[in-house]
Amino acid sequence: SSLADCGTLIVAVIVLERPGPISATVSAVCPNGLQIQWTMSGNGGSDINNYTLRWGTNASSCTWNNITTSRVSDYDSLTQQGGSYPLTGLESGVQYCIEIKATNGIGSTEPYVFTKATFAVPDRPNVTVTSVSLYETRQTIHWNVSSTGGTEILNYTVTWSKDPGFTSEEMAETLSMTLNLPGLTKGTMYYTRVNATNCVGSNISTVESFLTRCYPGQPAQPSVILSDQSTKLMFK
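To keep things clear, this report deals only with the structure shown in the data block. (Residues numbered from 1 in each chain as written. Predicted model: local features only at pLDDT ≥ 70, side-chain atom pairs only at ≥ 80, totals over all residues. Heavy atoms only, no water.)

## Let's talk about the overall build of the protein chain
Then, in step 1: Helix and strand counts for the protein chain stand at zero helices and 17 strands.
Then, in step 2: Put simply, the protein chain has 236 residues, and 34% of those count as buried.
Then, in step 3: In the protein chain, once contacts between residues fewer than 6 apart in sequence are set aside, the share between residues at least 24 apart is 60%.
Then, in step 4: On the protein chain, roughly 14,200 Å² of surface is accessible, and the fraction owed to carbon and sulfur atoms is 50%. (Helix = DSSP H or I, 4+ residues; strand = E, 2+ residues; numbered from the N terminus. Buried < 20%, exposed > 50% of the residue type's maximum accessible area, 1.4 Å probe, protein only. Contact = heavy atoms within 4.5 Å. Areas by Shrake-Rupley, 256 points an atom, 1.4 Å probe, with all protein chains shown as cover.)

## Comments concerning the pairing of strand E9 (residues 139-144)
Then, in step 1: Here E9 shows a buried face lined by Gln139, Ile141 and Trp143 and an unburied face lined by Thr140, His142 and Asn144.
Then, in step 2: Across four bridges, strand E8 (residues 126-129) lies against E9 in antiparallel orientation. In the sheet register, Asn126 faces E9, and the bridge partner there is Asn144.
Then, in step 3: Pairing geometry for E9 and strand E12 (residues 178-181), over four bridges, is antiparallel. Along E12, the bridge assignment pairs Ile141 with Leu179. (Pairing = 2+ DSSP bridges.)

## So, the state of the cysteines
Then, in step 1: Overall, the coordinates contain one disulfide when judged by the stated rule.
Then, in step 2: One disulfide bridge connects Cys30 with Cys199, the sulfur atoms lying 1.6 Å from each other. Across the S-S bond linking Cys30 and Cys199, the dihedral sits near -50 degrees, which makes this disulfide left-handed. Of this pair, Cys30 sits in the loop between strand E1 (22-29) and strand E2 (33-40) while Cys199 sits in the loop between strand E13 (189-197) and strand E14 (202-204), placing them 169 residues apart in sequence.
Then, in step 3: Residue classification places Cys199 among the partly exposed residues on the basis of a relative accessible area of 28%. (Disulfide = S-S within 2.5 Å.)

## Notes on the side chain of Asn198
Then, in step 1: Of note, Asn198 is situated in the loop between E13 and E14.
Then, in step 2: Of note is the side chain of Asn198, whose polar atom sits 2.8 Å from the backbone oxygen of Ala120.
Then, in step 3: Apart from the residues within four sequence positions on either side, Asn198 is in contact with Ala120, Val121, Pro122, Thr148, Gly149, Thr151, Glu152, Ile153 and Leu154. (Polar contact = N/O pair within 3.5 Å; in protein donor to acceptor, adjacent residues only side chain to side chain.)

## Side note on the nonpolar core
Then, in step 1: Core analysis: the biggest nonpolar cluster contains 23 residues, and Leu34, Ile36, Trp38, Leu87 and Ile98 have the highest contact counts within it.
Then, in step 2: Formed by 15 residues, the second largest nonpolar core is a distinct cluster that contains Val127, Ile141, Val158 and Ala196. (Core = buried A, V, L, I, M, F, W, Y, C linked by side-chain atoms within 4.5 Å.)

## Regarding the sheet that holds E2
Then, in step 1: Reading across the sheet, the three strands line up as E1-E2-E5 and stay open at both edges, with antiparallel pairing between neighbours. The sheet is open, and its two edges are formed by E1 and strand E5 (82-87), each paired on a single side. Across the sheet, the mean angle separating the axes of adjacent strands is 15 degrees when strand polarity is ignored.
Then, in step 2: Note: E2 against E5, six bridges, orientation antiparallel. Residue pairing for E5: Gln37 is matched across the bridge by Ser84. (Axes fitted to C-alpha atoms, helices over the stretch in contact; angles between N-to-C directions.)

## Details of the pairing of strand E6 (residues 95-104)
Then, in step 1: Of all the 10 residues making up E6, eight are buried; the element is thus mostly covered by neighbouring parts of the structure.
Then, in step 2: As paired strands, strand E3 (residues 48-56) and E6 are joined by eight bridges and run antiparallel to one another. Residue pairing for E6: Tyr51 is matched across the bridge by Ala102.
Then, in step 3: Pairing of E6 with strand E7 (residues 112-117), which is carried by six bridges, proceeds in the antiparallel orientation. Counterpart to Ile98 in the pairing with E7 is Phe114.

## Looking at the packing of aromatic side chains
For any pair of aromatic rings, geometry is given as the distance between the ring centres together with the angle between the planes.
Then, in step 1: For the structure shown, the criterion picks out four aromatic pairs.
Then, in step 2: Both rings, one in Trp38 and one in Tyr51, keep their centres 5.2 Å apart while their planes meet at 65 degrees; by these two values the pair is edge-to-face. In this pair, Trp38 is assigned in strand E2 and Tyr51 in strand E3, connecting sequence segments 13 residues apart.
Then, in step 3: The ring of Phe166 carries the charged tip of Arg193 above its face, separated from the ring centre by 3.9 Å. (Phe/Tyr/Trp six-rings, centres within 6.5 Å; stacked < 30°, edge-to-face > 60°. Lys NZ or Arg CZ within 6 Å of the ring centre and 35° of its normal.)

Written out as structure tokens, the structure reads:
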């Protein structure tokens, strides 16, 4: 036969390669965890066999002190397009360095490296007492915290007592940063402190003190005592 009788053979060639680059995000989780989420740009034509996470606490240079590694190929949320994974039982208020890579039958991606800090307890509240109060039986206090630990404050617990050791105390909870202390005894020294709480834990302020006002009472009906050289006005 002639060459003109020959058919055309079309061959499709699939080139397999390592998985494509990873992109990832991380969020802190209460009380001491991080949630990692990532997506793949492609699997390189070969199914992803596993994802490997590595994390350590030397985040400033990512030299991987205190390394923990986890192969997460069996975790339910993983797909060929990416997945998510929780890191639990971490130290609170610590910056972590995290690395993730994907592996298929050809090889592994370049590791994707990023840093994230876990939540911490709030800073100690700084308490101030209103310097001048017009009332004998109540007092206003204010406070602030320089850091909430990266997550919201669940409540502030304010305690006050006539005893500096707080063996007997009154207590109130609030989300505000100011509180009127009611039902006080006039002319009495009081002690107060504020405890700030988030999902990680609590931190308590130093003790502040204040003295309630005591206005003089209304004088009784005066009496007048007269003598030859003077007049005396007496109050009982």
